[in-house]
Amino acid sequence: VLVWDSAETADGDVRPDRIIHGTYMDGAIPIHAYVDEGADRLFVALAPEDTMDLTNAPAILVFENASSLDSDPDGEGVIDDDIEPDFRIMGHGGTASDEACTDDVTRLSCGNNLTTHNLLFHPDLELLIVGHHTNEILFFDLSVVDWAAAESSGTTIELALEARFITVHAEEDDSDVY
């Protein structure tokens, strides 16, 4: 994840101010990020590079104290430090299929494509909204998360949060679901 502290004015070939990288990226591609500036929290949606290897994705990563994270503290463009997320909402692993939905309360492993396209967080409702490739919008209630637990845990806390979802398609026979 590349970070420009002044992204609103950056122009041209500009080196990022910070890099956030960790082993969670192995076999995964960051698709979308959302910053909750008020809480200094970064949400990152990951998709697997290979749908046969779901070791680290599909997942939603959550980083606390996002404004101070940097895997390249000397600014040389070399990853010196792996930064692991504080929290992770992850699909169950295995392979992508409709049957995966029966084992995956997050619904991130459902369907034939494991890409989460968009993230939005509503801080007042503590609601994480995820646009999922299977024509679904997923809703995760984050009011149940003990955000302070990240400070004392030292490891990534796995969140097995059940998604509320809306299916968005028109054909009754699901022929428009991909």
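Anyway, here's the lowdown on the structure attached to this text. (Residues numbered from 1 in each chain as written. Predicted model: local features only at pLDDT ≥ 70, side-chain atom pairs only at ≥ 80, totals over all residues. Heavy atoms only, no water.)

1. Side note on the side chain of D36
Stated formally: The way it works is that DSSP assigns letters per residue, a run of H or I at least four long becomes a helix, a run of E at least two long becomes a strand, and they are numbered from the N terminus. Using a 1.4 Å probe on the protein chains alone, a residue whose accessible area is under 20% of its type maximum counts as buried, one over 50% counts as exposed, and one in between counts as partly exposed. Working convention for charge: Lys and Arg count positive, Asp and Glu count negative, and His plus the chain ends are omitted. The term salt bridge refers to a side-chain nitrogen of Lys or Arg lying within 4 Å of a carboxyl oxygen of Asp or Glu.
With respect to the helices, strands and loops of the structure, D36 is situated in strand 3 (residues 28-36). With no salt bridge to any partner, buried D36 finds its closest opposite charge in R41, at an N-O distance of 4.1 Å.

2. Topic: the packing of aromatic side chains
Let me state the cut-off plainly: Two rings from Phe, Tyr or Trp (for Trp, the six-membered ring) form a pair when their centres sit within 6.5 Å of each other. Planes less than 30 degrees apart are called stacked, planes more than 60 degrees apart edge-to-face, and all others tilted. When the NZ atom of lysine or the CZ atom of arginine is within 6 Å of a ring's centre and also within 35 degrees of its normal, the charge is said to sit over that ring.
Within this structure, the stated rule accounts for 4 aromatic pairs. Here the guanidinium or amino end of R41 rests over the ring plane of W147, the centre of that ring lying 3.6 Å away. The ring of F139 carries R164 above its face, with NZ or CZ at 4.3 Å from the centroid.

3. A short note on the sheet that holds strand 5 (residues 59-64)
Condition: DSSP-based pairing: two strands are paired if at least 2 bridges between them are found. Angular values range over 0 to 180 degrees, each being the angle between N-to-C directions of two axes fitted as lines to C-alpha atoms, with helices fitted over their stretch in contact.
With respect to topology, 5 strands assemble into an open sheet ordered 3-4-5-6-10, the strand pairing being mixed. Of all the strands in the sheet, just strand 3 and strand 10 (157-159) have a single pairing partner and so form its edges. Going from strand to strand, the sheet's axes swing by 25° on average, the running direction of each strand aside. In this structure, strand 3 lies alongside strand 4 (residues 41-48), joined through 8 bridges in antiparallel fashion. Pairing of H32 across the sheet is with A45, part of strand 4.

4. With respect to the pairing of strand 7 (residues 116-122)
In terms of strand pairing, strand 7 meets strand 8 (residues 127-132) through 6 bridges, oriented antiparallel. Its bridge partner being in strand 8, N118 is matched across the sheet by G131.

5. What to know about the pairing of strand 4
Here strand 4 lies mainly inside the structure; 8 of its 8 residues are buried. By the alternation rule, side chains of strand 4 split into R41, F43, A45 and A47 and L42, V44, L46 and P48, which are all buried. The hairpin formed by strand 3 and strand 4 contains 4 residues between the paired strands, and D40 there has a positive phi angle of roughly 55°. The pairing of strand 4 with strand 5 spans 6 bridges and is classified as antiparallel. The residue of strand 5 that forms the bridge with A45 is I60.

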